[in-house]
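Coordinate analysis (summary)
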Amino acid sequence: MSLPADLKYTKDHEWVRIEGDIATVGITDFAQGELGDIVYVEVETEGETLDKEEVFGTVEAVKTVSDLFLPLTGEIVEFNADLESEPEAVNEDPYGKGWMIKIKFSDESELESLLDVTAYQEIIGG
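Everything numeric here is computed off the predicted structure, so don't read it as measured data.

Before going further, it helps to examine the overall build of the chain. Along its length, the chain carries four helices and nine strands. Mapped in sequence order, the helices and strands of the chain form the string β-β-β-α-β-β-β-β-β-α-α-β-α. For 126 residues, the compact-globule formula gives about 14 Å, and the C-alpha radius of gyration of the chain, at 13 Å, lands near that figure. Projected onto the principal axes, the alpha-carbon positions of the chain cover approximately 35 × 35 × 20 Å.

Once that is clear, we can look at the environment of Asp93. Relative to the helices and strands, Asp93 is located in the loop between helix H3 (89–92) and strand S9 (101–105). Each C-alpha atom of the pair Asp93 and Asp107 lies 29 Å from the other, and the pair is 14 residues apart in sequence.

What follows covers the sheet that holds strand S3 (residues 22–27). Spatially, six strands are ordered S1-S2-S3-S9-S8-S5 in an open sheet, and the strand pairing comes out antiparallel. Looking at which strands have only one partner, the edges of the open sheet turn out to be strand S1 (8–9) and strand S5 (49–50).

The next point concerns the sheet that holds strand S6 (residues 55–61). What the three strands build is an open sheet, ordered S4-S6-S7; its pairing is antiparallel. Each end of this open sheet is capped by a strand with a single partner; those strands are strand S4 (38–42) and strand S7 (65–69). Averaged over all pairs of adjacent strands, the angle between strand axes in this sheet comes to 25 degrees, irrespective of strand direction. Where S4 and S6 come together, four bridges link them in antiparallel fashion. Counted as the bridge partner of Glu42 is Thr58 from S6.

Okay, the UniProt feature "domain: Lipoyl-binding" (unreviewed entry) in the chain next. Those places that UniProt annotates as "domain: Lipoyl-binding" (unreviewed entry) correspond, in this numbering, to residues 22–104. Here residues 22–104 runs as 18% helix and 42% strand, with 5 Å between its end C-alpha atoms.

Moving on: a negative patch on the surface. Taken together, the side chains of Asp82, Glu84, Glu86, Glu88, Glu92 and Asp93 define an acidic patch exposed on the protein surface. Examined against the element boundaries, Glu84 turns out to sit in helix H2 (residues 82–85).

A word on the layout of surface pockets. Left-over empty space is what a probe sized like a water molecule reveals as it rolls over the atoms. Empty space within the largest pocket amounts to approximately 160 Å³. Along the walls of the largest pocket sit 13 residues, with Asp12, His13, Ala31, Leu35 and Ser66 positioned nearest its centre.

What follows deals with the pairing of S3. Along S3, five of the six residues are buried, which leaves the element largely enclosed by surrounding structure. Bridge count for strand S2 (residues 14–19) against S3 is six bridges, and the pairing is antiparallel. Each residue of the ladder has a partner; that of Glu14, found in S3, is Ile27. Judged from the four bridges that link them, S3 and S9 form a sheet pairing that is antiparallel. Bridge pairing links Thr24 to Lys102 in S9.

Within helix H4 (residues 117–124), the full set of buried residues consists of Val117, Tyr120 and Ile124. The arc enclosing the buried residues of H4, seen along the axis, measures out at 65 degrees, which places them on a common side. Tucked inside the fold, the buried residues of H4 contact S1 and helix H1 (29–35). The backbone nitrogen of Thr118 lies 3.2 Å from a side-chain oxygen of the residue at the head of H4, namely Asp116.

Cut-off values and rules
- Residues numbered from 1 in each chain as written.
- Predicted model: local features only at pLDDT ≥ 70, side-chain atom pairs only at ≥ 80, totals over all residues.
- Heavy atoms only, no water.
- Helix = DSSP H or I, 4+ residues; strand = E, 2+ residues; numbered from the N terminus.
- Rg over C-alpha atoms; globule rule 2.2 N^0.38 Å.
- Pairing = 2+ DSSP bridges.
- Axes fitted to C-alpha atoms, helices over the stretch in contact; angles between N-to-C directions.
- UniProt positions renumbered as here; feature names shortened; annotations may be inferred.
- Patch = residues over 30% accessible without salt bridge, like charges linked within 9 Å, V, L, I, M, F, W, Y side chains within 5 Å.
- Areas by Shrake-Rupley, 256 points an atom, 1.4 Å probe, with all protein chains shown as cover.
- Salt bridge = Lys/Arg side-chain N within 4 Å of Asp/Glu carboxyl O.
- Lys, Arg positive; Asp, Glu negative; His and termini not counted.
- Charge placed at Lys NZ, Arg CZ, Asp CG, Glu CD.
- 1 Å grid on protein atoms, 1.4 Å probe; cavity = no way out; pocket = protein on both sides within 12 Å on 5 of 7 lines; lining within 4 Å.
- Points joined across faces, edges and corners; volume = space filled by probe spheres on them.
- Buried < 20%, exposed > 50% of the residue type's maximum accessible area, 1.4 Å probe, protein only.
- Arc of directions from axis to C-beta.
- Contact = heavy atoms within 4.5 Å.
- Polar contact = N/O pair within 3.5 Å; in protein donor to acceptor, adjacent residues only side chain to side chain.

Printed below as a string of structure tokens:
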């Protein structure tokens, strides 16, 4: 299982890549493995400003639907539209082509609540 050390993580199994005031978000390799084959990613919150831990979308796998929780308060500035036709990219490349949204985050202090790779490994028993 892949867990890049340069990313931050949440207890809800999302990863976060910080570049300036933009955070790119997706689900972790662990999460996609638990969900199984992903058949649909729904994000209808593009352009909206949401609070940390609000639901920003859902991931539908063959056997289940799972909510996606915003790791940081901010405006959802971009959705990975490629996932509409290629939801399997989340399974195949969760940290690359399988990214889900980009957030312009508004509260830098919330970055402290994100987990580093070691803390996330403890959550998943790695």
